Amino acid sequence: MMAPDSSGKHRKILLVEDDPDIRQSLQELLESESFEVEATSNGAEALGALQAGLRPCLILLDWSMPVMNGREFLARWRTNEELRQAAPSVIVLTAAVGIPAQETDGVKGFIRKPVDDIELLLEQVRQFCNLGIR
Amino acid sequence: MDDTKENLLALESLIRAPDRLIFQASSGKEALELLLEHSFGLALLDVQMPEMNGFELAVLMRGTSRTSHVPIVFVTAASPSQEFTFKGYESGGVDVLYKPLNPFIVESKVRVFVELDRQKKALVQVEELQRESKLRYERSLLAADTGTWEWNIAQNVATYSGAESRLFGFPEEGVPLTLEDVLLRIHEKDRTRVKEKLTRCIQDHTAYEDEFRVVNPDGSIRWLVGRGNATYDPLTGAPISLSGINLDITVQKRLQEDVKFLAEASRILISTLDYQTTLSNVAALTLPYLADWVVIDLLKPDQTIERVVVAHKDPEKKALAKLLQKFPPEPGRPHGVWRVVQSGEPEIVNLVSIEEIKRRSKNEAHLQIASDLGISSFIVYPLKSRGTVLGAMSFVLASESRHYSDADAQVIEELCRRISSAVDNAKLYQDASEALQTRDEFMSIASHELKTPLTSISLQLQMLSRTIRKASVTGSGMLPVESVLKTVSICEKQSKKLGTLLNELLDLTRVRLGRLELNKEQVDLTRVVQEIVERVSAETIQQGVKIAVQAQDGIFGEWDLGRVEQIVSNLVSNALKYGAGKPIEIQVERLDDAYAVPCVRLRVQDEGMGVATEMRDKIFERFERAVDGHTISGLGLGLYIVRQIVEAHDGKIWVESELGKGSTFTVLLPLRTNQGVESLAGAGSWCQGGSKRAGVESS
């Protein structure tokens with residue numbers, strides 16, 4: 001696990017995605033833009049990272065995953081004050097349509113799969129992860 | 001009558017006329033014989049005769065009913081005297097004629113008697129006609145189920161005729177009754193009203209008309225319509241009598257009620273597509289109109305019977321009736337619901353005996369419930385729609401006071417027809433909604449599964465394009481070869497994955513359309529298994545999974561190579577997916593003697609999560625998977641398609657499993673199939689029970 005961020009910069013992103021190829025591509029993309037990426041493959045691993053002290057500026061959360069999916073992760077995040085303080089911003093990354101609104105309550109945005117425009121994705125990420133912006 | 005031939009001739013010539021038939025007798029004996037044979041209007045008797053004289057004959061005639069009414073006129077050669085004339089009257093004569101006869105007097109007297117006789121006969125004829133006409137009238141009344149009645153108001157005496165005795169159950173010979181006697185036969189709910197109507201029509205000088213029920217001695221109900229009018233004393237205006245008719249309208253009433261009942265049943269049946277509720281409501285409607293209690297059984301897809309509704313008219317017996325749900329009809333019974341469901345023919349039993357109920361009961365408890373509920377008569381009617389039996393509805397009468405008539409059977413038939421079509425519609429609707437929902441879910445899974453590789457490709461290509469742009473901006477113009485190669489390899493892998501998914505979708509369509517065609521050739525199954533294991537080696541090394549293959553070299557059969565590869569690769573990738581990283585064992589074995597034809601057995605065994613018992617058949621169905629939801633990727637079509645391929649090869653596939661300990665998938669493939677490609681219909685027929693035998697082997 002990564003050490004808690006002490007630099008005051010918020011450029012750390014928690015990526016939660018079960019497909020290894022997609023996970024790796026996104027990690028490379030974000031790292032190429034100088035973001036730090038903590039890559040996990042399901043909700044349970046992501047919870048573990050947060051509990052271990054990770055303070056990301058953003059969680060990029062896949063929806064359909066084994067072990068713990070996006071819905072289950074969000075349900076815990078929403079009801080746990082500590083988790084929400086550790087990671088206040090979540091963007092859901094999904095191919096699914098018609099997710100009931102209450103299940104994504106509190107998230108900051110959506111990125112649709114297949115990701116048609118990575119520049120737009122980076123734009124969305126930058127809103128939450130830049131110097132001085134929490 | 002005269003003993004002298006000449007006298008007879010002379011007299012006959014005197015009275016002869018076209019409308020008169022004259023008989024001659026020369027002795028009393030002869031005369032008597034004629035009298036017994038014919039019906040005479042007048043007898044002219046000579047008094048002085050040998051053997052039996054005229055007076056003696058007359059006395060005999062008066063003593064016999066057949067001849068007593070024949071008027072007698074004596075003819076005599078004696079000198080006229082009052083004594084003689086009196087003697088004639090005494091003997092029963094109406095007149096005495098003294099010879100020599102005056103032709104005019106004789107003729108006029110004979111004419112009078114002939115006329116009298118004619119009138120008498122005409123009168124008899126009229127009476128006959130009257131009697132006949134009255135009989136005919138009575139007969140028509142009876143035939144029309146119509147009774148006539150008259151009530152003498154002052155004396156309170158009611159008389160009746162026609163069908164009245166039958167309609168009310170009165171003695172046929174027609175005894176005088178009081179109004180109260182009559183009213184007692186009328187249903188208590190109608191009695192007061194009928195009496196009021198009778199009173200009112202007398203008071204108001206209006207016609208009486210009312211429909212009312214009569215309770216027969218056996219407890220059954222008869223509907224009558226009564227019509228009548230009062231007569232009044234023309235001087236005082238006081239009512240004298242009330243008379244009229246009663247007509248049996250039970251059949252019409254029943255038809256009306258049936259129409260009303262069926263309309264109400266239809267209203268309930270179309271009110272909702274939830275047939276469980278609908279059937280309970282319809283069952284309630286039939287009580288007590290058609291039955292004291294009813295049962296509805298429906299045939300389930302697995303051919304067992306589900307007891308859907310048990311209802312009783314008596315609220316206190318509802319709980320008891322519910323107990324019957326514990327005794328659904330047993331398969332194979334030669335009577336009752338099971339027989340009706342099997343044959344599609346109704347069963348009607350009126351006045352069932354206790355022995356019969358015993359015979360039909362499963363055990364003491366069942367018998368006890370049945371006899372507590374009461375069974376006197378019953379109808380079990382099949383519920384059929386589009387030629388298929390859906391179940392049966394049983395109508396039971398508990399008391400012997402009622403049994404099932406043709407009219408009941410007819411309305412039950414119609415009701416069951418309507419119920420059947422409602423159940424059928426509800427089932428079709430349910431199936432259709434389920435199919436739609438399954439398809440929607442499948443579409444959502446499929447689109448997610450297709451988008452995953454697409455996302456990967458899209459990301460890789462966009463990143464490559466970024467890299468190229470950066471390279472040109474920095475002016476180096478150099479592309480990092482390694483990075484490009486990696487992108488290409490990922491894109492290749494993902495596009496293959498897309499292709500596999502699309503093939504699965506196509507296979508699904510092929511199977512659904514029955515177009516899974518096999519291109520058979522000599523295939524070495526051992527070789528196929530080894531190749532597939534080789535193909536997934538990168539994955540297994542990465543996951544640290546060991547795959548052990550036990551196979552003889554060269555197990556050849558006539559199969560479709562691509563399809564056999566599909567079988568093996570699906571089973572292997574399932575074992576990897578669900579095997580929890582534990583070792584996987586694959587066996588390929590030729591079985592030459594175990595089955596009717598030589599075949600090969602492929603076993604893929606993992607030590608993963610296992611398959612729950614209730615899922616073991618379902619996982620081979622479309623869109624099913626052992627684990628719920630989206631936790632494991634894939635379309636959920638793999639095993640369904642594998643089963644279709646195996647069955648197209650006349651083979652068989654099954655799974656044995658223990659939760660948490662792992663699963664073993666076994667495929668039996670005959671080395672060659674006789675039927676060839678179009679053998680889907682007879683799939684696996686050669687190894688019926690094969691699964692069982694294999695199960696025994698492995699346990």
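Treat the numbers as computed from the prediction; the structure is a model and nothing was measured.

Colleague: Pulling in residues and values, what's your account of the state of the cysteines?
Modeller: All names here are of chain A. Applying the stated criterion across every chain yields a total of one disulfide over all chains. Linked covalently through their sulfurs, Cys57 and Cys129 form a disulfide whose S-S length is 1.9 Å. Here Cys57 and Cys129 share a disulfide; its torsion about the S-S bond, 105 degrees, makes the bridge right-handed. Remark: Cys129 occurs in the segment after helix 5 (118-128) and Cys57 occurs in the loop between helix 2 (43-51) and strand 3 (58-62); sequence separation between them is 72 residues.

Colleague: Please provide a residue-by-residue account of the packing of aromatic side chains, values included.
Modeller: Under the counting rule described, the total for this entry stands at 11 aromatic pairs over all chains. Ring geometry for B:Phe23 and B:Phe40: centres 5.6 Å apart, planes at 85 degrees, overall edge-to-face. Taken together, the residues span a long stretch of sequence, with B:Phe23 in the loop between helix 1 (5-15) and helix 2 (28-37) and B:Phe40 in the loop between helix 2 and strand 1 (43-46) at a distance of 17 residues. Residue B:Phe23 is classed as partly exposed on the basis of its relative accessible area, which comes to 34%. Between the aromatic rings of B:Phe261 and B:Tyr289, the centroid separation amounts to 4.9 Å while the plane-to-plane angle is 40 degrees, which identifies the pairing as tilted. Taken together, the residues span a long stretch of sequence, with B:Phe261 in helix 9 (residues 250-271) and B:Tyr289 in the loop between helix 10 (275-286) and strand 9 (293-299) at a distance of 28 residues. Members of the aromatic cluster, joined through ring pairs, are B:Phe55, B:Phe74, B:Phe84 and B:Tyr98. Its guanidinium or amino end placed over the ring of A:Phe35, A:Arg11 lies 4.6 Å from that ring's centre, counting from NZ or CZ.

Colleague: Explain the packing of helix 17 (residues 525-535) of chain B against helix 19 (residues 561-578) of chain B to me, using residue names and the numbers behind them.
Modeller: All names here are of chain B. Viewed as axis vectors pointing N to C, helix 17 and helix 19 meet at an angle of 50 degrees, and their least axial separation amounts to 10 Å. Classed by the angle they form, the pair helix 17 and helix 19 counts as oblique. Of the two possible hands of crossing, helix 17 and helix 19 adopt the one that is right-handed. Residue-level inspection shows Leu525, Val528, Val529, Glu531, Ile532 and Arg535 of helix 17 in contact with helix 19, the latter providing Leu561, Val564, Glu565, Val568, Ser569 and Val572. Residue classes in the contact of helix 17 with helix 19 are distributed as eight nonpolar, one polar and three charged.

Colleague: So what's going on with the interface of chain A and chain B? Residues and values would help.
Modeller: Taken together, the 23 residues of chain A in the interface contact 21 residues of chain B. For the chain A and chain B pair, buried surface summed over both sides reaches about 2000 Å², with 52% attributable to carbon and sulfur atoms. The interface formed by chain A and chain B includes five salt bridges. Of the charged contacts in the structure, one is a salt bridge between A:Glu33 and B:Arg466, with a shortest N-O distance of 2.3 Å. Counting the contacts that link chain A with chain B gives 12 residue pairs in polar contact (both at pLDDT 80 or more). Those elements that place two or more of their residues in the side of chain A that touches chain B are helix 1 (20-32) and helix 5 of chain A.

Procedures and definitions
- Residues numbered from 1 in each chain as written.
- Chains lettered and ligands numbered in written order.
- Predicted model: local features only at pLDDT ≥ 70, side-chain atom pairs only at ≥ 80, totals over all residues.
- Heavy atoms only, no water.
- Disulfide = S-S within 2.5 Å.
- Helix = DSSP H or I, 4+ residues; strand = E, 2+ residues; numbered from the N terminus.
- Phe/Tyr/Trp six-rings, centres within 6.5 Å; stacked < 30°, edge-to-face > 60°.
- Buried < 20%, exposed > 50% of the residue type's maximum accessible area, 1.4 Å probe, protein only.
- Lys NZ or Arg CZ within 6 Å of the ring centre and 35° of its normal.
- Axes fitted to C-alpha atoms, helices over the stretch in contact; angles between N-to-C directions.
- Parallel < 35°, antiparallel > 145°, perpendicular 65-115°, else oblique.
- Left-handed = near helix turned anticlockwise from the far one by under 90°.
- Contact = heavy atoms within 4.5 Å.
- Nonpolar A, V, L, I, M, F, W, Y, C, P; charged D, E, K, R; others polar.
- Buried area = accessible area lost by both parts, 1.4 Å probe.
- Salt bridge = Lys/Arg side-chain N within 4 Å of Asp/Glu carboxyl O.
- Polar contact = N/O pair within 3.5 Å; in protein donor to acceptor, adjacent residues only side chain to side chain.

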